[in-house]
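Residues per chain, in single letters:
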Amino acid sequence: MVFGMGPMELAVILLVVLVIFGPKNLPKLGSAIGKTVKNVRDGMEEGSGDSEPESVPVSEPQPVDEPVQH
């Protein structure tokens, strides 16, 4: 099962795609989908390096003068 779909559901989807786009356009469609998936994966790999926060040096806390109460 692919994505929770059985073989019958996949066959129906493929048949509908074939009827809509026709047999001549299927290679173009497959190529476009493949390029899109590749671009998305490349974008996800590039973005994964940016998720680490930069280390910022933290200065020591300065003592705070407490206000004088009268």
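See the structure shown above.
Residues numbered from 1 in each chain as written. Predicted model: local features only at pLDDT ≥ 70, side-chain atom pairs only at ≥ 80, totals over all residues. Heavy atoms only, no water.

A. Examining the overall build of the protein more closely. A count of helical and extended segments in the protein gives 2 helices and 0 strands. Among the 70 residues that make up the protein, the fraction classed as buried is 3%. Surface summary for the protein: the accessible area is close to 7,100 Å², and the carbon and sulfur share equals 64%. (Helix = DSSP H or I, 4+ residues; strand = E, 2+ residues; numbered from the N terminus. Buried < 20%, exposed > 50% of the residue type's maximum accessible area, 1.4 Å probe, protein only. Areas by Shrake-Rupley, 256 points an atom, 1.4 Å probe, with all protein chains shown as cover.)

B. The arrangement of helix α1 (residues 7-21) in detail. Taking 1.5 Å of rise per residue, 15 residues should cover 21 Å, and α1 covers 21 Å from first to last C-alpha, within 8% of that figure. The first or second residue beyond α1 is Gly 22, which carries a positive phi of 80 degrees. (Expected span 1.5 Å × (residues − 1).)

C. Seen up close, a nonpolar patch on the surface. Taken together, Met 8, Val 12, Val 16, Ile 20 and Phe 21 make up a surface patch of nonpolar side chains, about 500 Å² in accessible area. By the element assignment, Val 12 lies in helix α1. (Patch = residues over 30% accessible without salt bridge, like charges linked within 9 Å, V, L, I, M, F, W, Y side chains within 5 Å. Salt bridge = Lys/Arg side-chain N within 4 Å of Asp/Glu carboxyl O.)

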